[in-house]
Amino acid sequence: MTGPEENYSAEAEASSRDPHDWGRAMALALTRLAEQLAPEDSENRHTSLVDRPLQLMIRDDEEGVTISISTQADSGNDARP
């Protein structure tokens, strides 16, 4: 398990700007994050995400959005430009 000072992040792109179409990108980003957090030989990687606060960022891009999920706690600062 990772220590509290370690931060991990993962992202995936969705080709649509409609939130109804973001499911696969959200799942891919979560899977990538779980793979970073779980031990290499773990059969249940998803358990590394259970009861863990996560930060979500959704950014516009050319064709849709980029979804980023991280373990980094929000410091209270507004991350928007």
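In what follows, the structure referred to is the one given above.
Residues numbered from 1 in each chain as written. Predicted model: local features only at pLDDT ≥ 70, side-chain atom pairs only at ≥ 80, totals over all residues. Heavy atoms only, no water.

> Outline the overall build of the protein, listing residues and values.
When helices and strands are tallied, the protein shows one helix and three strands. Going residue by residue from the N terminus, the α and β elements of the protein occur as β-α-β-β. The burial tally for the protein puts 28% of its 81 residues in the buried class. Taking the intrachain contacts of the protein between residues at least 6 apart in sequence as the baseline, contacts between residues at least 24 apart amount to 52%. Of the roughly 6,100 Å² of accessible surface on the protein, a fraction of 46% belongs to carbon and sulfur atoms. (Helix = DSSP H or I, 4+ residues; strand = E, 2+ residues; numbered from the N terminus. Buried < 20%, exposed > 50% of the residue type's maximum accessible area, 1.4 Å probe, protein only. Contact = heavy atoms within 4.5 Å. Areas by Shrake-Rupley, 256 points an atom, 1.4 Å probe, with all protein chains shown as cover.)

> Now, about the environment of Ser 70: what can you tell me, with residues and values included?
Relative to the helices and strands, Ser 70 resides in strand S3 (residues 65–70). Note on Ser 70: relative accessible area 12%, which makes it buried. Along the primary structure Ser 70 and Leu 33 are separated by 37 residues, whereas in three dimensions their C-alpha atoms are 7.4 Å apart. If we ignore the near neighbours within four places in the chain, the residues touching Ser 70 are Tyr 8, Ser 9, Pro 53, Leu 54 and Gln 55.

> Pulling in residues and values, what's your account of the side chain of Ser 48?
Note that Ser 48 resides in the loop between helix H1 (23–37) and strand S2 (55–60). Side-chain polar atoms of Ser 48 contact the backbone oxygen of Arg 45, separated by 2.7 Å. (Polar contact = N/O pair within 3.5 Å; in protein donor to acceptor, adjacent residues only side chain to side chain.)

> Talk me through the sheet that holds strand S1 (residues 9–14); I want residue IDs and the actual numbers.
What the three strands build is an open sheet, ordered S1-S3-S2; its pairing is antiparallel. Every other strand in the sheet has two partners, leaving S1 and S2 as the edge strands with one partner each. Adjacent strand axes in the sheet meet at a mean angle of 20 degrees, parallel and antiparallel pairs treated alike. By the bridge criterion, six bridges tie S1 to S3 in an arrangement that is antiparallel. Among the inter-strand pairings, Glu 13 is bridged to a residue of S3, identified as Thr 66. Of the strands in this sheet, S1, S2 and S3 are in contact with H1, which crosses S1 at around 160 degrees. (Pairing = 2+ DSSP bridges. Axes fitted to C-alpha atoms, helices over the stretch in contact; angles between N-to-C directions.)

> Which residues make up the pairing of S2, and what values do they have?
As judged from the six bridges shared by S2 and S3, these two strands associate in the antiparallel manner. Bridge pairing in S3 links Leu 56 to Ile 69. Counting the residues in the hairpin turn of S2 and S3 gives four residues.

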